[in-house]
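Listed here are the chains, written in short residue letters.
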Amino acid sequence: MTNKKIGVLVSGRGSNFQAVLDKIRNEKLPIEIAVVISDSADAYALKRAEQAGIPHTAIVRHDYRDKASFEEAIDSRLREAGVELVVLAGFMRILSADFVNRWPQAIINIHPALLPAFKGLDAQGQALKYGVKIAGCTVHFVDAGMDSGPIILQSAVPVYDEDTHDTLAARILVQEHTILPEAVKLWCEGRLEVRDRRVKIRKE
Ligand code: GRF
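Residues numbered from 1 in each chain as written. Predicted model: local features only at pLDDT ≥ 70, side-chain atom pairs only at ≥ 80, totals over all residues. Heavy atoms only, no water.

Novice: Help me understand the overall build of the protein in this model?
Specialist: Of the regular secondary structure elements, the protein holds six helices and nine strands. Against the 2.2 N^0.38 benchmark of 17 Å for 204 residues, the protein shows a C-alpha radius of gyration of 16 Å, consistent with a compact globule. With the C-alpha coordinates of the protein rotated into their principal frame, the extents come out at 50 × 45 × 35 Å. Burial status across the protein gives 50% buried among its 204 residues. The long-range share in the protein, meaning contacts at least 24 apart out of those at least 6 apart in sequence, stands at 63%. Put simply, the protein has 27 plus and 27 minus side-chain charges, and the middle of one group is 4 Å from the middle of the other. (Helix = DSSP H or I, 4+ residues; strand = E, 2+ residues; numbered from the N terminus. Rg over C-alpha atoms; globule rule 2.2 N^0.38 Å. Buried < 20%, exposed > 50% of the residue type's maximum accessible area, 1.4 Å probe, protein only. Contact = heavy atoms within 4.5 Å. Lys, Arg positive; Asp, Glu negative; His and termini not counted. Charge placed at Lys NZ, Arg CZ, Asp CG, Glu CD.)

Novice: What is the right way to read the site of the ligand from this model?
Specialist: Near the ligand the following residues occur: Arg-13, Gly-14, Ser-15, Asn-16, Gly-90, Ile-110, Pro-112, Gln-124 and Glu-176. Contacts to the ligand include Arg-13, whose side-chain N or O atom sits 2.5 Å from an oxygen atom. Between the ligand and the protein, one listed contact pairs an oxygen atom with a side-chain N or O atom of Ser-15 at 2.5 Å. In isolation the ligand has 370 Å² of accessible area, and contact with the protein removes 87% of it. (Near = heavy atom within 4 Å. Polar contact = N/O pair within 3.5 Å; in protein donor to acceptor, adjacent residues only side chain to side chain. Areas by Shrake-Rupley, 256 points an atom, 1.4 Å probe, with all protein chains shown as cover.)

Novice: Which parts of the structure should I look at to understand the side chain of Arg-191?
Specialist: You can see Arg-191 is positioned in the loop between α6 (165-188) and β8 (192-195). Separated by 2.8 Å, the side chains of Arg-191 and Glu-189 make a polar contact. Arg-191 has contacts with Leu-186, Lys-200, Ile-201, Arg-202, Lys-203 and Glu-204, leaving out every residue within four places of it along the chain.

Novice: Whenever I open this one, the packing of helix α1 (residues 15-26) against α6 confuses me. Can you help?
Specialist: Any two packed helices are characterised by how steeply their axes cross, that is the angle between the axes, and by the distance between the axes. For the pair α1 and α6, interaxial distance at closest approach is 9 Å and the crossing angle is 50°. Judged by the inter-axis angle, α1 sits oblique to α6. Relative to α6, α1 is oriented so that their crossing is right-handed. Along its contact with α1, which presents Ser-15, Asn-16, Ala-19, Val-20 and Lys-23, the element α6 presents Leu-173, Glu-176, His-177, Leu-180, Pro-181, Glu-182, Val-184 and Lys-185. By residue class, the composition of the contact of α1 with α6 is six nonpolar, three polar and four charged. (Axes fitted to C-alpha atoms, helices over the stretch in contact; angles between N-to-C directions. Parallel < 35°, antiparallel > 145°, perpendicular 65-115°, else oblique. Left-handed = near helix turned anticlockwise from the far one by under 90°. Nonpolar A, V, L, I, M, F, W, Y, C, P; charged D, E, K, R; others polar.)

Novice: Whenever I open this one, the environment of Ile-110 confuses me. Can you help?
Specialist: Within the element layout of this structure, Ile-110 appears in strand β5 (residues 107-111). Along the chain, Ile-110 and Val-184 lie 74 residues apart, while their C-alpha atoms are 11 Å from each other.

Novice: Is there a simple way to explain unusual backbone geometry in this structure?
Specialist: Peptide bonds are mostly trans, and most non-glycine residues show a negative phi. For the bond from Leu-115 to Pro-116, the omega torsion is 15°, close enough to zero to count as cis. Tracing the sequence through the fold places Pro-116 in the loop between β5 and α5 (123-130). Although it is not a glycine, Lys-28 adopts a positive phi angle of roughly 50°. On the secondary structure map, Lys-28 appears in the loop between α1 and β2 (31-38).

Novice: It is not clear to me how the pairing of strand β9 (residues 198-201) should be interpreted in this structure. Could you clarify?
Specialist: Across four bridges, the pairing between β8 and β9 is antiparallel. Paired with Leu-192 across the strands is Ile-201, a residue of β9. (Pairing = 2+ DSSP bridges.)

In structure tokens:
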């Protein structure tokens, strides 16, 4: 079987990228991370890619005259690497409809909340402030909206009275590291079927 090629977009420490890489390597999955792209030159995720011997590059917004040419650069790099699935793993920018439409059902994102609650930035902080007793994370397809595409997997965690932003974020992160790699695997196995908003997971 030929390897499925994925591209990972990151902005920061890259622990989700690492979790995807670890699952691929530990389970010897027929998946290749063909490129890691960061929108920040000093993202720790790039160091992780370097250490793992994975092609990586920084594509920084301020080096481009506008959002369209910045996204064009990302798109070209992904296509050059032969990427079939784009994985947003802590990528802190909103991709335009134009970009998203070029990758139909081929971009997935991890969001640290149980969508559709707490879209956007600092979802964990929003959850704490709202006072929910159950928080969690979601892997979803990316559409032209913000954190609004069809949901692939979710995982819930309790919120305790003593929780701070950091303790809650850490508890959610553990779940992110499980469901993002699992969703990548399911996508690469061709087991996700999207009907309107519902994503059905075919049995093996
Ligand atoms: C994660 O919580 C992700 O859900 C959020 O940003 C964080 C990225 O963490 N959007 P990392 O870079 O994968 O460690």
